[in-house]
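The residues making up each chain are set out below.
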Amino acid sequence: MQHGFYFDHKRCVKCHACEIACKTWNEVEIGPRWREVVKIESGTFPNVKSMNVSMACMHCGDAPCRNACPVSAITKRADDGLVVVDQNTCIGCGFCSWACPFNAPQLSAQAGKMEKCNFCQTPGKERPLDMPRACEEICPTGAIKSGSMADLSNQGRERAAERLSGADMRGFPGIVVGAQEQFGGD
Amino acid sequence: MNVMDRNLGERLAEIKGAKMIKSFCYTCPWQCPTEVFVRDDKIVYQKGNPEAPNNIGSRCAKGMASWYVSKDPDRLKYPMLRTNAKGEPGQFKRISWDEAFEFIAKKLKEIADHWGPESVALTCHHDPNTVFYHHLLKDLYGSPNMYAHTSGCEQDRRSACLDLFGHVFPMHDFANSKYVMLWGMNNLGANQGLWESRALMEAKAKGCRLVVIDPNFTETAQKADEWVPIQPGTDGALALAMCKTIIDEKLYDEAFVSSHCEGFTGFQDHLSEKGYTPEWAEDICGIDAERIKRLAREFATTKPSMSAIFKGSGYYTNGHDAGRACYILDAICGEVDKPGNINLKDWAPLGAPVNIPETAIKQPEKEPLHVAMGYPLAPDLPNSRLPDAVINGHPYPIKAWFVHASNPVMSDPNRERVQEMFKNLELAVSLELYMSETSLECDIVLPETSFHEQAEIRQGMWLGPEVILCQPVVEPVGEAKPAYEIVKGIAQKMGWGHHFPYEKWEDWGEVAMKDIPMTLGELKEKGFWAGEVRYNRVPEGLPTASGKIEIYSKNYENAGLNPYPEYTDRTVIPDDEYPLQVTHSKLSMHCNIVTQNNPYLMEVCGENWVEINSIDAAKYGIRDGERCIIESPKDNIEILAKVVEGLVPGCISIRHGHGFGHWAMGSTAKGKGAHSNNLMDTHTNPVTGANCYNECKVRIRQAI
């Protein structure tokens, strides 16, 4: 069953706790950023709007990074749909980061390998899937949720989630941006 | 298993092969209870304590990254004594703790004999265990001058709350609110009580309207239903005009004001006499009179509601009355201490960690410094006036300064004047984690343990009464010692060692906990004690002179001031030569001056910047992402510019202005960003003694 994140931009206050929680749990060095919060602004004074989005690997259905990898280091796990990279096979060529539309794959200067959000499945520190991810656990406002897409669909914002995770939809992202449909329209 | 599951921590500890210990974080003063995961004397993960109401399992970026402090190689490891002349950047040699205690005790005795104990002052920002220094320097030694850092923080708010409600630090019951009006308060963007942030977002999801009045489109304004871009330093005018609308249109709570407010009728006359109408406020605030009226009506008729301030309405010489006016909106609408209002929280009956007998307590002969300085209503030392006492002996000489976990050389305005003080001190002691910019000016620098290496029991920053516990989870860095051991060491040299009879922290912990309905053992297991959340304490009587909410302030009357809030212009107004007004706002991923040596936080945000509206940017040739020069009449800095839309034209917003541009502290912090406080001259709020960081005009140009 495909797993992914649910993100509610209305709740996110861009505190960056998710980034640091991700780094600490997965013991990621300074440099690669598996998760990053970005702010998008629009409008002109005094009619200004902004939106925060916490971005990480989307664990795509038809993952462009996997398709781009020349050594097949990236796989999509059959049982949970997570897109993971085998560090022993990766040659650090960076094709995946060119292919990814979200800039999720991050090249580690230290190891010379690609790394990215693995849904807290770092070897030796795997969080069982019935637990919250580190980013989710730490979020002060409850903006991030993780789980199977089916479960996420049932938690709030059901209609949008249902639509995005429709079975016939190829390449559906493993994220549901819990938002009104048009940015900023209140 | 969800994030609030109490067993989650145990399972995570198993995965990490770590031991989980309940503690709290003291990176910022909100002090979230935590679960800390330790393996081989190293913190491998941290999360929030899911049972604690303060944060419900969550953390902020600063707290999550704080494990680094416990292993930072740049930390102070040994007591250090200055070897060169005062006034020069300090050179230091390592000494033993015994030598350090002897040095300080000898100086303290000399100063008491020569100048009197009142000439010793202590200030702190982070006040971990500062109470121990108070027992030594206040109770036994006899100095009345034990202060914190409030004049660089929410001094005007604190003063307003004390004068109106007799309460030092009301909380915000966002969860039950239907209308929240925040004045210059960026509670979602700066240091934050995480339970408040979550409650505000959840209230909004349930339909609570959020109005943010601020020249800056802050992180909080971004979440608002309505952003009111007010001219800087004019909050008082807007709040008074809203009060007048509410009163004129009889939208106030008549029963509440007649029973529970002092001076309502006089206030009504005062507003009329002064002509504080929406039409009068329109040009001052840059907000249409009709909009002022609409906001006033909405606020008065949507209940429960809350009008609240923190720092932004202060930082000006008129901030004291602005603060009072913002809270009077709550008072006249009867919206105080009910569910959904500002909450006059109860404090836990936490005791002192040591019992100094009455007979041993030395009564000071002189008034506390703030009173002698002419600021009797200041809730904390007017920091910006300390140089008068140290350099000029006015109102009386200060000869020794203990600077505890704070860095006034960077945090106070007019850096040069702060630095000048140290030449005139006979004893300057820095109690610190790092060789900070202030440490460099001191005579002796003592390495304190971080909160990961020491115990602390203190009041929790939550809606109800609460006690929280910090436990030592790793070994101290170098020879660093916690405050309770440093104080004991000095006290022994002064002949007062018997007043500090503890051998281990649990000994004083038991003493402090004696009136709390929980044992120290239980507290270690659970991490906190929380009492009942209460509301509606106004009818019970408040600790003000009248026992009521004082719209007419007896404190102000006694100090020879107008008991009703007035509006006066701020002091520094931009002109042709310096056409831009300085404003400030903080960042959420850094705490003041203390987190810039943390590479994990510096990766997220590695320097500070100035924001400028695109209209002004075009006028002055400033380009987004490039460097610019900000010049005030006093100094200039080079800093990164960000061109934004969310800022009132005519203003700049320096983000985290005094937290960056370190020239000491550590290898990661040093030289990153710009330190902006020397742009400002010394301006002190005439009533509260607050530092007026925003009393500053500048011009700006692109850096070449």
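Rules behind the numbers
- Residues numbered from 1 in each chain as written.
- Chains lettered and ligands numbered in written order.
- Predicted model: local features only at pLDDT ≥ 70, side-chain atom pairs only at ≥ 80, totals over all residues.
- Helix = DSSP H or I, 4+ residues; strand = E, 2+ residues; numbered from the N terminus.
- Rg over C-alpha atoms; globule rule 2.2 N^0.38 Å.
- Buried ≥ 20, exposed ≤ 12 C-beta atoms within 10 Å, placed from the backbone.
- Contact = placed C-beta atoms within 7 Å.
- pLDDT = per-residue confidence, 0-100.
- Pairing = 2+ DSSP bridges.
- Axes fitted to C-alpha atoms, helices over the stretch in contact; angles between N-to-C directions.
- Nonpolar A, V, L, I, M, F, W, Y, C, P; charged D, E, K, R; others polar.
- Arc of directions from axis to C-beta.
- Core = buried A, V, L, I, M, F, W, Y, C linked by C-beta atoms within 7 Å.
- Domains from an automatic or database assignment.
- Parallel < 35°, antiparallel > 145°, perpendicular 65-115°, else oblique.
- Left-handed = near helix turned anticlockwise from the far one by under 90°.

A count of helical and extended segments in chain B gives 23 helices and 26 strands. Taken over the C-alpha trace, chain B has a radius of gyration of 25 Å; the compact-globule value for 704 residues is 27 Å, and the two agree within 12%. C-alpha extents for chain B along the principal axes are approximately 70 × 60 × 55 Å. Counting over 704 residues, chain B shows a buried share of 63%. In chain B, once contacts between residues fewer than 6 apart in sequence are set aside, the share between residues at least 24 apart is 75%.

Before going further, it helps to spend a moment on the overall build of chain A. Per the secondary structure count, chain A includes six helices and nine strands. Out of the 186 residues belonging to chain A, those deemed buried represent 47%. Restricting the contact set of chain A to residue pairs at least 6 apart, pairs at least 24 apart contribute 59%.

Turning to the confidence of the model for chain A, a few remarks are in order. Residue and element names in this part refer to chain A. Looking at chain A, the pLDDT average stands at 86 and 83% of residues meet or exceed 70. Ranking the helices and strands of chain A by mean pLDDT puts helix H1 (residues 17-26) first, with 98, and strand E9 (residues 175-177) last, with 49. Per-residue pLDDT stays below 50 along residues 165-173; that stretch engages in twelve contacts with residues further than four places along the chain or on separate chains. Here residues 176-186 is a poorly scored stretch, pLDDT under 50, and it has 21 contacts once near neighbours within four places are set aside; other chains count.

Moving on, we get to the sheet that holds strand E21 (residues 580-585) of chain B. Neighbouring strands of a sheet are bound in pairs by backbone hydrogen bonds; such pairs are parallel or else antiparallel. Around the barrel, which closes on itself, the six strands sit in the order E21-E25-E22-E24-E23-E26 (chain B) with mixed pairing between neighbours. Direction aside, neighbouring strands of the sheet carry axes that sit 45 degrees apart on average.

Listed per partner, the contact involves 37 residues of chain B and 32 residues of chain A. Listing elements by their share of the side of chain B that touches chain A, those giving two or more residues are helix H1 (8-16), strand E3 (42-48), helix H2 (61-65), helix H6 (194-205), helix H7 (219-222) and helix H22 (599-604) of chain B. Along the lines of polarity and charge, the residues of the side of chain B that touches chain A split into 19 nonpolar, nine polar and nine charged.

What follows covers the pairing of strand E8 (residues 144-148) of chain A. All names here are of chain A. Across the five residues that make up E8, a large majority, four, are buried. With five bridges connecting them, strand E1 (residues 3-7) and E8 associate as antiparallel partners. Within E8, the position partnered with Tyr6 by the bridge is Lys145.

One face of the sheet, then the other: side chains in a regular strand alternate in exactly this way. Residues and elements named next belong to chain B. For E3, the tally of buried residues reaches six of seven residues, placing the bulk of the element in the interior. Pairing geometry for strand E2 (residues 33-39) and E3, over six bridges, is antiparallel. Residue Phe37 lies in a different strand from E3, and its bridge partner there is Tyr45. Connecting E2 to the antiparallel partner E3 that follows it, the hairpin turn spans two residues, and Asp40 within it adopts a positive phi of roughly 50 degrees.

Here we come to the confidence of the model for chain B. For chain B, per-residue confidence averages 97 on the pLDDT scale, and residues scoring 70 or more make up 100% of the total. The complex model carries a pTM of 0.95, and its ipTM stands at 0.95.

What follows deals with H1(B). Residues and elements named next belong to chain B. Within the span of H1, buried status applies to Gly9, Leu12 and Ala13. Taken down its axis, H1 places every buried residue within 105 degrees of arc, on the same side. Residues of H1 that are exposed and point over 90 degrees away from its buried face: Glu10 and Glu14. Remark: Gly17 follows H1 within two positions and exhibits a positive phi of approximately 60 degrees.

All names here are of chain B. Spatially, the three strands line up as an open sheet ordered E17-E18-E19, and their pairing is antiparallel. This sheet does not close on itself; its edge strands, each paired only once, are strand E17 (456-459) and strand E19 (528-530). Each adjacent strand pair in this sheet contributes to an overall mean axis angle of 15 degrees, direction not counted.

This brings us to the environment of B:Ile342. All names here are of chain B. Considering the arrangement of structural elements, one finds Ile342 in strand E13 (residues 342-343). For Ile342 and Tyr327, which are 15 residues apart along the polypeptide, the C-alpha to C-alpha distance reads 9.2 Å. Excluding anything up to four places from it in sequence, Ile342 contacts Pro170, His172, Met306, Ala308, Asp330 and Val336.

Most often, soluble globular proteins have nonpolar side chains that are buried together. Among the nonpolar cores identified, the biggest contains 277 residues, and B:Leu238 and B:Met242 are the most heavily contacted of them. Contacts of B:Met242, omitting those with residues within four sequence positions, involve B:Ile292, B:Leu295, B:Ala296, B:Phe299 and B:Leu329.

Quick look at helix H19 (residues 505-512) of chain B now. Three or more residues of H19(B) are buried, namely B:Trp505, B:Trp508 and B:Gly509. The arc enclosing the buried residues of H19(B), seen along the axis, measures out at 110 degrees, which places them on a common side.

Residues and elements named next belong to chain B. Here the domain parsing of chain B yields domain 1 (80-152 + 362-451 + 477-500), domain 2 (155-345 + 536-558) and domain 3 (580-702). Between domain 1 and domain 2, the C-alpha centre-to-centre distance is 37 Å. Contact residues are listed per partner, giving five residues for domain 1 and five residues for domain 2. The class makeup of the residues in the side of domain 1 that touches domain 2 is two nonpolar, two polar and one charged.

Angle between the axes and distance between the axes are the two parameters that describe a pair of packed helices. Residue and element names in this part refer to chain B. For the pair helix H8 (residues 235-248) and helix H11 (residues 278-285), the least separation of the axes is 9 Å and the interaxial angle reads 160 degrees. As far as their axial angle goes, H11 and H8 are roughly antiparallel. Judged by the twist between their axes, the crossing of H8 over H11 is left-handed. For the pair H8 and H11, contact is made by Ala237, Leu238, Ala241 and Thr245 and by Pro278, Trp280, Ala281, Ile284 and Cys285, respectively. For the contact of H8 with H11, the per-class residue count stands at eight nonpolar, one polar and no charged.

This part is about the environment of B:Ser411. Residue and element names in this part refer to chain B. By the secondary structure assignment, Ser411 is in helix H16 (residues 408-411). The exposure class assigned to Ser411 is buried, which follows from the 23 C-beta atoms found within 10 Å. With 280 residues separating them in the primary sequence, Ser411 and Asn691 have C-alpha atoms 9.9 Å apart. Setting aside its immediate chain neighbours within four residues, Ser411 contacts Gly152, Ser406, Asn592, Ile593 and His658.

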